[in-house]
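Here is how the chains run, residue by residue.
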Amino acid sequence: MTSIPFFRAATSRAQGPVGIIDIGSNSVRLVIYEGANRMPSILFNEKIMAGLGRGLAKSGALDPQAVERALVALARFKRLAEDMGAASLRTVATAAVRDASNGKDFIARLSAIGLPVELLPGHEEAALAGHGVLAAIPDADGLVGDLGGGSLELAPVADGEVGEGVSIPFGVLRIAAMKAHTARDLERAVVAALIKAGWTGAPVDRPFYLVGGSWRALARLHMALSSFPLPIIHQYQIDPGEAVRLVRSLSQLDPKRVKNVGGISSSRVPALPHAAQLLAVLVRLLKPSVLIVSAYGLREGLLHRSLPADVRAQDPLICAAREEGVRQGRFPEHGDLLDRWIAPLFHAAPADHARLRHAACLLADVGWRAHPEFRAERGFETAIHGHWVAIDAAGRGMLGQSLFTHFGGEGVPHIVSDLLDDETIAAARRWGLAMRLGQRLSGGVAGPLESSKLTIDGATLRLELAGGDVALYGEAVERRHRLLAESFGLKPTLTSN
Ligand code: LMR
Ligand code: MG
């Protein structure tokens, strides 16, 4: 007898959680991902700021106290990963362990407790940071920089590929140890290291993607200082000229304030001036067009690179929105249909709007699980603060506005009006109104959408229903049809065949 699978396999879900331990020069971290798929949820994330590379510049060895702290943490991480049923656990170590005279002893002690360590060479560390950025910003085109405690990795990315990367010894802990340096000294040293690594002196002229805990914390500070309305670090953009301003602010701000302003952990604060200084030097030398923060880096790069090419090619925003839609919605797979149904109204829109609108449609049901009076808030909140990648702040604003409108929210939430211009808000509202019509007409099921059509015809917004479906054109449907037509400056018309 052939067995019929009872459950439909979720797209590209690997069996069981996957653990990655990253032994950095600053921090030692365990992340458990839900599975090896395109947009894995994080089940667990813990780090300690062990500071393995703290004394490296002076002694050439891993700091003995830091080693003991790291070993205690790593034994805990190993045990937790086992208890969480991690199907695989990869432990990688970077600059500090690589360069230290006692790095081998440290690795031997870890194998003795059953934790085999892969020691990553510098170019590999750089490549993985590049893959991490591509995992979260698939159309990234520029230079990736991963700032750690021990080293700075640089890798070019374009067309979904990572180019040859380099590693130079300018981690925040190393810069801190370069006694009495001036900005000029640092710049001279960085130039020498870059040239030695093969840099031709050419400007980047494209985005510079910021990876690593210290630059993330620096970006958080910038976000707070500029009162950015959305507390999402991923794909946060900074004008390159701001790097110099950050150096200045940091020299004037009391460290306590830095911590309070940005919600930055106190263990990060001492590194921030060095992280800012290095960034300012790199901006001067490399002349990037813009700075873009990536929340994903080496660990996500490891995961991403191991995925089959077809899974890697999926759009992580669409994958995540689809999963969230299924988790919170009523009728799975309805979102794709809804997207196709409203699409004829929007074919003149810019190309990047199409995928945002698709994501919005996949989330079109999320408010239903909320209290009826809070559907608009739930929809908005899910969209704007969701755990998405491959979307910037403006994209989140559009997603948020469309779901807010879709669930009957009146007007424009203030976060959205801070992020978007009026024309973009109007576009997102039209998506919401179109989704609202589709969901009301169909009650959230497939049949009525499959047998009907929405089009723009001259000065009218036409809804074509199959003859037998005219009964579906109730009052609420009619009202939504009218509101949608008005948002386009059109008249609603109904036809049946
Ligand atoms: C490190 O060197 O520890 C970095 O990769 C990560 C961090 O937390 O700075
Ligand atoms: Mg690192």
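All of these numbers come straight from a predicted model, not from anything done at the bench.

A. A look at the overall build of the protein chain. Assigned secondary structure in the protein chain consists of 22 helices and 15 strands. Radius of gyration (C-alpha) of the protein chain: 26 Å, near the 23 Å computed for a compact globule of 497 residues. Each principal axis of the C-alpha distribution contributes one length, and for the protein chain these read about 85 × 65 × 40 Å. Among the 497 residues that make up the protein chain, the fraction classed as buried is 54%. Within the protein chain, contacts between residues at least 6 apart in sequence are counted, and of these 71% link residues at least 24 apart.

B. The pattern of salt bridges, seen in detail. Here the structure, examined in full by the defined rule, presents 23 salt bridges. For Arg 79, the salt bridge goes to Asp 83, with nearest N and O atoms at 2.9 Å. With Arg 79 and Asp 83 both in helix α2 (residues 64-83), this residue pair falls 4 residues apart, about one helical turn. Using a relative accessible area of 51% as the deciding quantity, one classes Asp 83 as exposed. Note that Asp 315 is salt-bridged to Arg 355, the shortest N-O span being 2.6 Å. Linking Asp 315 in the loop between α13 (309-312) and α14 (316-328) with Arg 355 in helix α16 (residues 351-362), this pair joins segments that are 40 residues apart in sequence. Arg 355 gets classed as partly exposed once you look at its relative accessible area, which sits at 27%. Residues joined by salt bridges that share partners form a network here, namely Arg 98, Asp 99, Glu 125, Glu 153 and Arg 174.

C. Representation of the nonpolar core in the model. In terms of nonpolar packing, the biggest core is built from 75 residues, with Trp 341 and Met 435 touching the most fellow members. The element that contributes the greatest number of residues to this core is helix α20 (residues 422-442), accounting for 9 residues. With residues up to four places along the chain from it excluded, the contact list for Trp 341 reads Ala 434, Leu 437, Gly 438, Leu 441, Leu 449, Ser 452, Lys 453, Leu 454 and Leu 463. If you look at the next biggest cluster of nonpolar residues, it comprises 45 residues, including Leu 143, Ile 264, Leu 282 and Leu 285.

D. Broad picture of unusual backbone geometry. One non-glycine residue, Asp 159, lies in positive phi territory at about 50°. Mapping Asp 159 onto the fold places it in the loop between β7 (152-158) and β8 (161-162). Here Asp 205, not a glycine, exhibits a phi torsion of approximately 55°, which is positive. Mapped onto the secondary structure, Asp 205 falls in the loop between α7 (183-196) and β10 (208-211). Taking relative accessible area as the criterion, Asp 205 reaches 54% and is therefore assigned exposed.

E. Representation of the sheet that holds strand β15 (residues 491-496) within the structure. Read across the sheet, 3 strands follow the order β13-β14-β15 without closing on themselves; strand pairing throughout is mixed. If you trace the sheet from one side to the other, it starts and ends with β13 (453-457) and β15, each paired once. Here the strands of the sheet are splayed against their neighbours by 25° on average, with no regard to which way each runs. As defined by bridge partners, β13 adjoins strand β14 (residues 460-465) across 5 bridges and the pair is classed as antiparallel. Among the inter-strand pairings, Thr 455 is bridged to a residue of β14, identified as Arg 462. Running over the sheet, helix α22 (residues 475-487) touches β13, β14 and β15 and is turned about 130° from β15.

F. Molecular detail of the packing of α14 against α16. At a minimum axis distance of 8 Å, the contact between α14 and α16 shows a crossing angle of 15°. As judged from the angle between their axes, α14 and α16 are roughly parallel. Considering the relative orientation of α14 and α16, their crossing is right-handed. Of the residues in α16, those in contact with Leu 317, Ile 318, Ala 321, Arg 322 and Gly 325 of α14 are Arg 355, Leu 356, His 358, Ala 359 and Leu 362. Here the contact of α14 with α16 is composed, by residue class, of 6 nonpolar, 2 polar and 2 charged.

G. Looking closely at the sheet that holds strand β1 (residues 18-23). Pairing is mixed in the open sheet, where 5 strands are placed in the order β3-β2-β1-β4-β5. Each edge of the open sheet carries a strand with a single partner, namely β3 (42-48) and β5 (117-119). Each neighbouring strand pair of the sheet contributes to a mean axis angle of 15°, computed without reference to strand direction. Of the strands in this sheet, β1, β2 (28-33) and β4 (88-93) touch helix α12 (residues 298-305), which is tilted by about 140° from β1.

H. Representation of the pairing of strand β6 (residues 142-147) within the structure. β6 sits mainly inside the fold: 6 of its 6 residues count as buried. When β6 meets β7, the two strands line up antiparallel, connected through 6 bridges. What sits directly across from Gly 142, in β7, is Val 157. Turn length for the β6-β7 hairpin, with the two strands adjacent in sequence and antiparallel, is 4 residues. Of the strand pairs in this sheet, β6 and β10 are connected by 4 bridges, and their pairing is parallel. Within the sheet, the bridge partner assigned to Asp 146 lies in β10 and is Val 211.

So, how was this worked out
- Residues numbered from 1 in each chain as written.
- Chains lettered and ligands numbered in written order.
- Predicted model: local features only at pLDDT ≥ 70, side-chain atom pairs only at ≥ 80, totals over all residues.
- Heavy atoms only, no water.
- Helix = DSSP H or I, 4+ residues; strand = E, 2+ residues; numbered from the N terminus.
- Rg over C-alpha atoms; globule rule 2.2 N^0.38 Å.
- Buried < 20%, exposed > 50% of the residue type's maximum accessible area, 1.4 Å probe, protein only.
- Contact = heavy atoms within 4.5 Å.
- Salt bridge = Lys/Arg side-chain N within 4 Å of Asp/Glu carboxyl O.
- Core = buried A, V, L, I, M, F, W, Y, C linked by side-chain atoms within 4.5 Å.
- Pairing = 2+ DSSP bridges.
- Axes fitted to C-alpha atoms, helices over the stretch in contact; angles between N-to-C directions.
- Parallel < 35°, antiparallel > 145°, perpendicular 65-115°, else oblique.
- Left-handed = near helix turned anticlockwise from the far one by under 90°.
- Nonpolar A, V, L, I, M, F, W, Y, C, P; charged D, E, K, R; others polar.

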